[in-house]
Amino acid sequence: MSTHQSRPVRAEAVVDLAAIRHNVTTLRARAEGAQLMAVVKADGYGHGMVPVARAAREAGADWIGAAVLEEALALREAGDTGPIFCWLTTPGEPLEDAIEAGIDLSAGAPWEIDELAIAVQDRPARVHLKIDTGMSRGGAVPEEWPALIRAAVREQATGRIEIKGIWSHLASSDEPKSTANESQLATFTEAIEVAESFGIDAEFKHLANSGATLALPETHFNLVRPGVATYGLSPFGHALPSAELGLRPAMTLKARLAMVKRVPAGAGVSYGLTWTAPRPSTLGLIPLGYGDGLPRHASNGGPVQAYGARRAIVGRICMDQCVVDLEDDDAAAGDEVVLFGPGTAGEPTADDWADAAGTINYEIVTRLGPRIPRRYVDSALGSTAAAER
Ligand SMILES: Cc1ncc(COP(=O)(O)O)c(C=O)c1O
């Protein structure tokens, strides 16, 4: 490693690939008998799409899930040759590239079947038909399901498409007791029966995201699609934390203090001076802000671990920086603070940040921007031999 590379960084998100593998193994055990699709959209929920996909495959993920075509194609370019499912396209997108790359695609309307059929070149399109079971996002509503099936059956007969799956998405699996889950499951089961009455025997049926993989076994069918749990975060937030689910949060967000100063009681902090020091205090400048994905809503409260204690962001979070109240700590510029991590060493978690910002852990990790380098370690190799990949 060159001298330049070994210089301490301003801030970094350390991602433990052993945690990703552990979570995939745990989720596979929770969905015995079903295949597992590790969902790596949005740059692997901020963790880095390709390294996460590799780690998930190593732990036995049968499928990788991507939202958009660029993600799916980037996975192929990175050398992933296994099953990849991609479900979000708009009219006119280059479906031919994805079909030639052997990527499984979704169709939720007859016109999407037509677009797929037209895009076919040397190999048939692998298609999963989407039924809208009640979330009113993508997919055919039950009234339009037979028309979608007829279009798919027609193109399957021409050899241009292969119907590989029937699928849907749950709106409320983070509330396992919600009756919406039962209702969506019933609609899904009916849709499968309707498809069968048209002679469709799709190999894969899939409905379950993380919440359902963990709490609703009746939704597993033969393929589950966990996203957030792959990263060790609980889809249930503080109501059922990761540790209780046997999951290990993979990401730790750290920064080095850019400046430290002692201020007198009464000193105002950051834009709008929304916080005033109630006593003489030591303030630390953290070189991260909403331009890096820290939620501005966590101003005056975002938690930080510094010098072994829990401290808080004071004043407004700015675009590139924010200020932590270190009280009377013996602090120095260059010292490291931890914004969130697994929580096992007393540091805040992504759930703590989510609470401070009035959002969900998904958003905390996913919004971290490209200015923050991701560093990959493998705790299974021992902490002193943490491998960078
Ligand atoms: C279609 C689809 N399947 C699976 C997932 C994974 O969801 P979760 O992260 O809640 O497990 C998502 C993410 O929102 C999704 O859009």
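By the naming in an unreviewed UniProt entry, the protein chain goes by Alanine racemase and is assigned to Kribbella shirazensis. According to the UniProt record, the Cofactor (unreviewed entry) comment for the protein chain reads "pyridoxal 5'-phosphate". Under the heading Sequence similarities (unreviewed entry), UniProt records this for the protein chain: "Belongs to the alanine racemase family."

What to know about the overall build of the protein chain
Looking only at helices and strands, the protein chain features 13 helices and 19 strands. In summary, the protein chain has a C-alpha radius of gyration of 24 Å against a globular reference of 21 Å for 389 residues, a match within 12%. Along the three orthogonal principal directions, the C-alpha set of the protein chain runs to about 75 × 50 × 40 Å. The buried share of the protein chain, taken over its 389 residues, is 49%. Sequence-distant contacts in the protein chain: of pairs separated by 6 or more residues, those separated by 24 or more amount to 63%.

Observations regarding helix H4 (residues 49-58)
Considered for burial, the residues of H4 that qualify are Met49, Val52, Ala53, Arg54, Ala55 and Ala56. Tucked into the core, H4 has its buried residues touching helix H2 (17-30), strand S2 (35-39), helix H3 (41-45), strand S3 (63-66) and helix H5 (69-77). Gly60, located one to two residues past H4, shows a positive phi value of around 100 degrees.

Here we look at the nonpolar core
One finds Leu36, Met37, Ala38, Ala56, Ile64, Cys86 and Ala152 to be the most contacted residues of the largest nonpolar core, which totals 114 residues. Residues within four places of Ala38 in sequence aside, it is in contact with Val24, Ala53, Ala56, Ala61, Ile64, Gly65 and Thr230.

With respect to the UniProt feature "domain: Alanine racemase C-terminal" (unreviewed entry) in the protein chain
This chain's UniProt record puts "domain: Alanine racemase C-terminal" (unreviewed entry) on residues 250-377. Helix makes up 11% of residues 250-377 and strand 34%, and the two end C-alpha atoms of the span are 10 Å apart.

Structural notes on the packing of helix H8 (residues 145-158) against helix H9 (residues 179-197)
With their axes 10 Å apart at the nearest point, H8 and H9 run at an angle of 40 degrees to one another. Looking at the two axes, H8 sits oblique to H9. Of the two elements, H8 crosses H9, and the hand of that crossing is right-handed. In this structure, H8 uses Trp145, Pro146 and Ile149 to contact H9, whose residues at the interface are Ala191, Val194 and Ala195. Considering only residue class, the contact of H8 with H9 consists of six nonpolar, no polar and no charged.

What about the pairing of S3?
Residues Trp63 and Gly65 line one face of S3 and the alternating positions Ile64 and Ala66 line the opposite face, and both faces are buried. Pairing of S2 with S3, which is carried by three bridges, proceeds in the parallel orientation. Residue pairing for S3: Val39 is matched across the bridge by Gly65. As defined by bridge partners, S3 adjoins strand S4 (residues 84-86) across three bridges and the pair is classed as parallel.

Conventions we followed
Residues numbered from 1 in each chain as written. Predicted model: local features only at pLDDT ≥ 70, side-chain atom pairs only at ≥ 80, totals over all residues. UniProt positions renumbered as here; feature names shortened; annotations may be inferred. Helix = DSSP H or I, 4+ residues; strand = E, 2+ residues; numbered from the N terminus. Rg over C-alpha atoms; globule rule 2.2 N^0.38 Å. Buried ≥ 20, exposed ≤ 12 C-beta atoms within 10 Å, placed from the backbone. Contact = placed C-beta atoms within 7 Å. Core = buried A, V, L, I, M, F, W, Y, C linked by C-beta atoms within 7 Å. Axes fitted to C-alpha atoms, helices over the stretch in contact; angles between N-to-C directions. Parallel < 35°, antiparallel > 145°, perpendicular 65-115°, else oblique. Left-handed = near helix turned anticlockwise from the far one by under 90°. Nonpolar A, V, L, I, M, F, W, Y, C, P; charged D, E, K, R; others polar. Pairing = 2+ DSSP bridges.

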